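One-letter residues, chain by chain:
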Amino acid sequence: MSERLVELVLPAGHTLAVRVVGSGRPVMLVHGFPLDSGIWRKQFEPLVERGFAVFAPDLRGFGSSSPIDRPCSLGDLAEDLFHVRNTLVEDRPMSLVGLSMGGYVAFEYWKRHGETLERLVLADTKPSIDTDDARRGRLAMAEAALQTTTWEAVAPMLPRLLSSRTLERDQETTQWLKAMMSRVPAKTIATMQQAMAQRHDFTGELSSIRVPTLVVAGEHDAISPPEENRQWAAQIRGAVLEIVPDAGHLPQVENSEGFNRALLDFLAS
Ligand code: MLT
């Protein structure tokens, strides 16, 4: 399996790095916050083996993509993905998998360019907006990142991203995740928290989704709990719901076998 890192210069001038691997039916994997495309490392091989071409971008400001130099919205990030699709996937129907913040961006993509989608996977995410408290917390984290370091600002998220089981028993994954979180530039933390604080509410639009959809979440997800997933997934016509055992907010690394089974059963059906 040979992976390429493709760098695309977008019309607005910034560069997006996209990991590309495999050939076949296109699937785009969109990471969450404060992460990068490396969060999908355990999905690449199983997807390629099942005949998929995988496109995993680093969203603007993350990973190997260029630093952020101006405010942006989650809609802007969806337009970045559309550019990646137009350049690398072209007119083939594409499946879109969004994890958490990547799921918020996937909702935006669906709204703008849903006709290009073959399937939609909403992983550990939600269609709703923040409570006032959550919004205040985001803006405080944005401020903290700019005034201290990324790690000091994002450290309180760690026990919400991973289940207590992963934190206690899987030091390798925990340390790997900490390193990934720490690498995100402080400016990106601040800009994306502001973007998420202002995101659009898709709750009232779920019944308009016509793309075959999988809603998947970790059994112990503290950020988008299974019960909430159950409630909103029921509003999407025909949506499949999968709860991955022994995982928190990041089932693709905490229980990759369980997550991959759910993902592949859905994408390959
Ligand atoms: C994520 O994993 O992308 C974040 O937890 C999303 C959020 O902060 O709402």
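Residues numbered from 1 in each chain as written. Predicted model: local features only at pLDDT ≥ 70, side-chain atom pairs only at ≥ 80, totals over all residues. Heavy atoms only, no water.

J.: Explanation requested: the layout of surface pockets in the structure shown.
T.: Over the atoms rolls a probe the size of a water molecule, and its path tells where empty space is left. Quantified by volume, the largest pocket comes out at close to 610 Å³. Elements represented by at least two residues in the lining of the largest pocket include exactly α3 (101–113), α4 (132–147), α6 (158–161), α9 (186–197) and α10 (226–233). Here the lining of the largest pocket takes four residues from α4, the largest share from any one element. In terms of residue class, the lining of the largest pocket is made up of 14 nonpolar, nine polar and six charged. (1 Å grid on protein atoms, 1.4 Å probe; cavity = no way out; pocket = protein on both sides within 12 Å on 5 of 7 lines; lining within 4 Å. Points joined across faces, edges and corners; volume = space filled by probe spheres on them. Helix = DSSP H or I, 4+ residues; strand = E, 2+ residues; numbered from the N terminus. Nonpolar A, V, L, I, M, F, W, Y, C, P; charged D, E, K, R; others polar.)

J.: Sorry, what's going on with the site of the ligand here?
T.: The environment of the ligand is formed by Gly32, Phe33, Ser100, Met101, Tyr104, Arg138, Met157, Met196, Ile223 and His249. Between methionine 101 and the ligand, the recorded distance is 2.9 Å, taken from a backbone N or O atom to an oxygen atom. Histidine 249 places a side-chain nitrogen or oxygen 2.9 Å from an oxygen atom of the ligand. Expressed as a share of its isolated accessible area of 270 Å², the protein-covered part of the ligand is 95%. Put simply, the ligand lies in the largest pocket. Its residues assigned to classes, the shell around the ligand comprises six nonpolar, three polar and one charged. (Near = heavy atom within 4 Å. Polar contact = N/O pair within 3.5 Å; in protein donor to acceptor, adjacent residues only side chain to side chain. Areas by Shrake-Rupley, 256 points an atom, 1.4 Å probe, with all protein chains shown as cover. Sits in = over half its atoms within 2 Å of the grid points.)

J.: I'm lost on the pattern of salt bridges in this one. Help?
T.: Any two side chains of opposite charge can pair, so long as their charged atoms come close to each other. Evaluation of the coordinates by the stated rule reveals 15 salt bridges. Between arginine 85 and aspartate 91 there is a salt bridge whose closest N-O contact spans 3.4 Å. A residue is classified by how much of its surface remains accessible, and aspartate 91, at 69% relative accessible area, is exposed. Here aspartate 130 and arginine 138 are joined by a salt bridge, their closest N and O atoms 2.6 Å apart. Given a relative accessible area of 14%, arginine 138 falls into the buried group. (Salt bridge = Lys/Arg side-chain N within 4 Å of Asp/Glu carboxyl O. Buried < 20%, exposed > 50% of the residue type's maximum accessible area, 1.4 Å probe, protein only.)

So far we have only geometry, and geometry alone does not tell us how the molecule works.
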